[in-house]
Amino acid sequence: MKKSVRKAVFPVAGMGTRFLPATKAIPKEMLPIVDKPLIQYAVEEAIAAGIDSFIFVTGKAKHAIEDHFDLAQDVETKLKASGKTSQVSVVNGWVPKPGQIAYTRQPAPRGLGHAVWCARDLVGDEPFAVLLADDFILAETPCLRQMVDAHAKVGGSIVSVMEVPREHTSRYGVLDIAAEKGKLVSVRDVVEKPKPAAAPSNLCIVGRYILDPDVFGCLENLSEGAGSEIQLTDAFRPLIAGGKPFHGLRFDGRRFDCGEKVGWLEANIAVALRRDDTAAAMQHILHGYR
């Protein structure tokens with residue numbers, strides 16, 4: 001019997017140097033898309049996928065994330081005193097219940113694979129999701145929900161994938177495809193950041209994963225890979241070689257790379273154009289720049 005996916009890991013220990021000086025005091029995951037931080041979007045996506053346990057792998061100067069996922073009683077009191085009761089749910093209504101959130105530290109910046117490995121004792125022996133908050137995905141059905149539904153059918157590990165121009169493969173983990181069945185592809189191998197001429201395809205992993213817990217054993221024995229870091233994708237190879245099911249899902253939706261300034265700006269525009277309270281004003285602003 002396949003185990004359901006109940007836990008999600010959020011690696012949030014990165015320094016966000018591309019957004020300095022803004023990220024000197026504010027974690028990059030707290031950068032807003034209109035009026036909500038990136039990390040809140042990621043947690044809400046996980047909730048929509050049925051996740052009920054949220055594990056944050058943090059680092060130094062990340063206290064703002066912990067504060068954001070706590071109840072703001074003082075703000076709620078002021079809102080009620082001012083008669084702004086409708087805004088209380090905006091501040092506190094989405095916060096996970098006590099006991100659903102756990103924090104652990106990544107003591108040194110040793111890469112995504114190491115960050116995920118740091119959560120091993122909190123995850124235990126069950127499949128789990130990993131969400132990278134700076135990969136922001138707009139979709140009618142949340143991306144992780146699509147992945148959880150696929151996982152219920154095929155089990156194993158699933159990564160979200162998209163096609164990129166071949167000249168950009170050196171930025172991603174790239175799939176070596178064994179077979180395709182609709183939106184799902186079975187995977188023969190995964191190569192981290194290959195040069196375009198050596199890339200086995202242009203189907204690349206973006207920041208959503210559902211992983212078999214055996215990945216922790218693979219991560220434990222890994223040496224440093226690309227960028228002198230412990231790469232999560234390098235742990236997929238022994239999983240695949242050991243016969244564990246491994247698939248990529250071509251998700252329905254649009255991904256924005258909010259680890260880059262232009263991608264973050266574009267995401268703000270895209271969300272503003274979808275919202276009733278900002279769409280008309282944003283369209284007027286954009287028209288003025290034509």
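The model shown is predicted, which means the values in this text are computed figures rather than measured ones.

### Some details on the overall build of the protein chain
Along the backbone of the protein chain there are 11 helices and 13 strands. When the 290 residues of the protein chain are sorted by exposure, 49% land in the buried category. Put simply, of all contacts in the protein chain between residues at least 6 apart along the chain, 75% involve residues at least 24 apart. Surface accessibility of the protein chain: about 14600 Å² in total, with carbon and sulfur atoms responsible for 53%. Between the mean site of the 36 positive side-chain charges and the mean site of the 35 negative ones, the protein chain shows a separation of 1 Å.

### Points about helix H7 (residues 143–154)
Helix length check: H7, at 12 residues, gives a terminal C-alpha distance of 17 Å against a target of 16 Å (1.5 Å per residue), a fit within 8%. Within H7, the full set of buried residues consists of Cys-143, Leu-144, Gln-146, Met-147, Val-148, Ala-150 and His-151. Gly-155 occupies a position one or two residues after H7 and carries a positive phi of about 65°.

### Some remarks on the state of the cysteines
The tally for this structure, following the rule as stated, stands at 0 disulfides. Of all cysteine sulfurs in the structure, the one in Cys-118 sits closest to Cys-218, which takes part in no disulfide; the separation is 16 Å. The class for Cys-218 is buried, based on a relative accessible area of 16%. In this model Cys-258 remains outside any disulfide bridge; the closest cysteine sulfur is found in Cys-143, 14 Å from its own.

### Remarks on the pattern of salt bridges
Per the stated rule, a full pass over the model turns up 22 salt bridges. The shortest N-O distance in the salt bridge between Glu-266 and Arg-254 comes to 2.4 Å. Placement of Glu-266 in helix H10 (residues 261–274) and of Arg-254 in strand E13 (residues 254–257) is noted, with a sequence separation of 12 residues between them.

### Brief notes about the environment of Phe-19
As for its placement among the helices and strands, Phe-19 is situated in the loop between strand E1 (7–11) and strand E2 (32–33). Linking Phe-19 and Phe-256, residues 237 residues apart in sequence, is a C-alpha distance of 16 Å. Beyond its immediate chain neighbours, meaning those up to four positions away, Phe-19 contacts Leu-31, Cys-258, Gly-259, Glu-260, Lys-261 and Trp-264.

### Here's the deal with the environment of Val-57
You can see Val-57 is positioned in strand E4 (residues 53–58). The exposure class of Val-57 is buried, given its relative accessible area of 0%. Sequence separation between Val-57 and Lys-181 is 124 residues; the distance between their C-alpha atoms is 34 Å. In this view, Val-57 contacts Val-9, Phe-10, Pro-11, Val-12, Ala-13, Thr-104, Gln-106, Ala-115, Cys-118 and Ala-119; residues no more than four positions away in its chain are not counted.

### A word on the pairing of strand E8 (residues 157–163)
Among the 7 residues that make up E8, 5 are buried, leaving the element largely enclosed by the rest of the structure. Two strands pair when backbone bridges link them, and E8 and strand E12 (residues 246–250) are joined in this way by 5 bridges, in the parallel orientation. Looking across to E12, one finds that Ile-158 is bridged to His-247. Relative to strand E11 (residues 203–211), E8 runs antiparallel, the two sharing 5 bridges. Considered in E11, the bridge of Met-162 is made with Cys-204.

Scoring rules and cut-offs
Chains are numbered independently. Their residues run from 1 in the order of the written sequence. In keeping with the model being predicted, local features are shown solely for residues with a pLDDT of at least 70 and side-chain atom pairs are shown and tallied solely at 80 or more, while totals for entire chains, interfaces and linings include all residues. Side-chain numbers come from the whole structure's heavy atoms, not from hydrogens or water. Secondary structure elements are taken from DSSP: a helix is a run of H or I of four residues or more, a strand is a run of E of two residues or more, and numbering for both begins at the N terminus. Partly exposed describes any residue whose relative accessible area lies between the buried limit of under 20% and the exposed limit of over 50%, with all areas from a 1.4 Å probe on protein chains only and scaled to the type maximum. By definition, residues are in contact when any of their heavy atoms lie within 4.5 Å. Methods summary: accessible areas were calculated by the Shrake-Rupley approach with a probe of 1.4 Å, and residue burial reflects only the protein chains presented. Under the convention used here, Asp and Glu are negative, Lys and Arg are positive, and both His and the chain ends fall outside the count. To locate a charge, the coordinates of NZ of Lys, CZ of Arg, CG of Asp or CD of Glu are taken. Expected helix span is given by 1.5 Å per residue-to-residue step, counting one fewer step than there are residues. Disulfide: a pair of cysteine sulfur atoms within 2.5 Å of each other. Salt bridge criterion: a side-chain nitrogen from Lys or Arg within 4 Å of a carboxyl oxygen from Asp or Glu. Note: two strands are recorded as paired if DSSP finds a minimum of 2 bridges between them.

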